[in-house]
Amino acid sequence: MYMWVIFLLRKWICTLLCAVLFCCFAAPQPAFSAELHDSAAACVVVDAADGEIVYGHDAYARRSMASTTKIMTCLLACESGRLGETVKITKAMLTSEGSSAGLKAGDTVTLHDLVVAMLLASGNDAADAAAIYLAGSIEAFAEQMNARAALIGMHATTFVTPSGLDADEHMTTAYDMALLTMEALKNPVFVSLCKLQRADITLGGEKVTLYNHNKLLSQIEGCSGVKTGYTKKSGRCLVTSVTRGHVTLICVTLNDPDDWQDHTGLYDFCFEQYKTVKVEESFSVNVVGGAVDSVLCVYSGEVCVRDPQQLEIRLYYYPFLYAPVKKGDAIGTVLCYDNGNQIMELKITAGESVNYVR
């Protein structure tokens, strides 16, 4: 009996020691795990410079995406070179249900204003009208959407409708939508329109004021779009973009009942993952024909990177200068790279003046 008690006591002590050691040496858990609010079925936050995931879960799960689909429809319209053309609305363009820009058969409207109607009012009628005008039919335009998606690398995406109304195979992933948004944000016209909180369009010769459904444009500093979406099947879908400093992040949530709060919290968390690094140096460059043989050159700036060890600095400047040199003269360029992607450009300037000597 005595030996059995000793055995149980030793076993209990061993178990306790193992638990203590596990708590001391186990890998630390993310500090945000119990605090970060994320109610999305699928979510991703990526760095727009390189597409690297800063945060996410189920980012590669295929789901329907509602009207965030219109990012692709608008991108194709912006890339068409036909934004100034006038579209005559026909009955065939007005068969979709759901959100509407108020188009009527016989109306005339520019393709540019159809893009505005898609991005701000999420008009399904505007999406169908643009698709039929550009490709001749919804089906033909869907083929263009899928071809463009393949070029972007959206390999898990299939587009069926230009509006985002549900269809059996109309599906994507959160990460694919982030890739699409990265591409769309390279288009200056798209960027200028998706960040508008309100805009006037001309519909049938009359001015109509549209308001953007994306309320984060006025709630998050640096928010520049991008697109809201909702259907009963897809739930609430939201794609946004926020810039702080020189860092732009894209957040995609699919089927998220609390998307406004989630995006706000996700941006706060993800931007905290970046570290500010001071980039500065002074060095001498030879001078020909000057009162002295060299001139002090300087550069200075700050960059934000996730991993300072991935920061690479490349200097480009002339091996020598001819006098005279004035303080502040630009004599070269500094390019800063994060993980191989250029993130900032700085000027190298003369830190002093050098007079010419005859």
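Scroll up to find the structure this text is about.
Quick summary incoming for the structure in this document. (Residues numbered from 1 in each chain as written. Predicted model: local features only at pLDDT ≥ 70, side-chain atom pairs only at ≥ 80, totals over all residues. Heavy atoms only, no water.)

### Describing the overall build of the chain
Then step 1. Scanning the chain for helices and strands turns up eight helices and 15 strands.
Then step 2. Since a compact globule built from 358 residues should have a radius of gyration of about 21 Å, the 28 Å found for the chain marks it as more spread out than a globular shape.
Then step 3. With the C-alpha coordinates aligned to their principal axes, the bounding extent of the chain is approximately 105 × 75 × 35 Å.
Then step 4. Across the 358 residues that make up the chain, the buried fraction comes to 46%.
Then step 5. Within the chain, residue pairs in contact and separated by at least 24 positions form 61% of the contacts whose partners lie at least 6 positions apart. (Helix = DSSP H or I, 4+ residues; strand = E, 2+ residues; numbered from the N terminus. Rg over C-alpha atoms; globule rule 2.2 N^0.38 Å. Buried < 20%, exposed > 50% of the residue type's maximum accessible area, 1.4 Å probe, protein only. Contact = heavy atoms within 4.5 Å.)

### Quick look at the packing of aromatic side chains
Then step 1. Under the defined criterion, the tally for this structure stands at six aromatic pairs.
Then step 2. Ring centres 4.9 Å apart and planes at 40 degrees place the aromatic pair Phe283 and Tyr317 in the tilted group. Here Phe283, found in strand β10 (residues 275-288), pairs with Tyr317, found in strand β12 (residues 311-317); they are 34 residues apart in sequence, far enough to count as distant. (Phe/Tyr/Trp six-rings, centres within 6.5 Å; stacked < 30°, edge-to-face > 60°.)

### Let's talk about unusual backbone geometry
Then step 1. Val226 follows Gly225 through a cis peptide bond whose omega is 25 degrees.
Then step 2. With respect to the helices and strands, Val226 occurs in strand β7 (residues 223-231).
Then step 3. Look at the link from Ala323 to Pro324: it is a cis peptide, with omega at 5 degrees.
Then step 4. The phi dihedral of Ala66 falls on the positive side, at around 50 degrees, and the residue is not glycine.
Then step 5. Structurally, Ala66 can be placed in the loop between β2 (53-57) and α2 (70-79).

### Observations regarding the sheet that holds β7
Then step 1. In spatial order, the strands read β2-β1-β9-β8-β7; together these five strands make up an open sheet with antiparallel pairing. One side of each edge strand has no neighbouring strand; the edge strands of this open sheet are β2 and β7. In this sheet, neighbouring strand axes are inclined to one another by 5 degrees on average, regardless of whether the strands run parallel or antiparallel.
Then step 2. When strand β1 (residues 42-47) meets strand β9 (residues 247-254), the two strands line up antiparallel, connected through six bridges. The residue of β9 that forms the bridge with Asp47 is Leu249.
Then step 3. Lying on the sheet, helix α6 (residues 174-184) is in contact with β1, β2, β7, β8 (235-244) and β9; it crosses β1 at an angle near 35 degrees. (Pairing = 2+ DSSP bridges. Axes fitted to C-alpha atoms, helices over the stretch in contact; angles between N-to-C directions.)

### Here's the deal with the environment of Met65
Then step 1. With respect to the helices, strands and loops of the structure, Met65 is situated in the loop between β2 and α2.
Then step 2. The exposure class assigned to Met65 is buried, which follows from its relative accessible area of 0%.
Then step 3. Distance in space between the C-alpha atoms of Met65 and Glu206 is 33 Å, their sequence separation being 141 residues.
Then step 4. Ignoring sequence-local partners within four residues, the contact set of Met65 consists of Thr158, Phe159, His170, Met171, Thr172, Met177, Ser234, Cys237 and Leu254.

### Section: the nonpolar core
Then step 1. Met72, Leu114, Val115, Met154, Leu180, Phe190 and Val252 are the most contacted members of the largest nonpolar core, which totals 63 residues.
Then step 2. Broken down by element, this core gets its largest block of residues, nine residues, from helix α3 (residues 111-121).
Then step 3. Setting aside anything within four residues of it in sequence, one finds Met154 in contact with Met72, Ala149, Phe159, Thr172, Asp176, Met177, Leu179 and Leu180.
Then step 4. In terms of nonpolar packing, the next biggest core, distinct from the first, is built from 23 residues, Phe283, Val295, Tyr299 and Val334 among them. (Core = buried A, V, L, I, M, F, W, Y, C linked by side-chain atoms within 4.5 Å.)

Keep in mind these numbers describe shape, not what the thing actually does.
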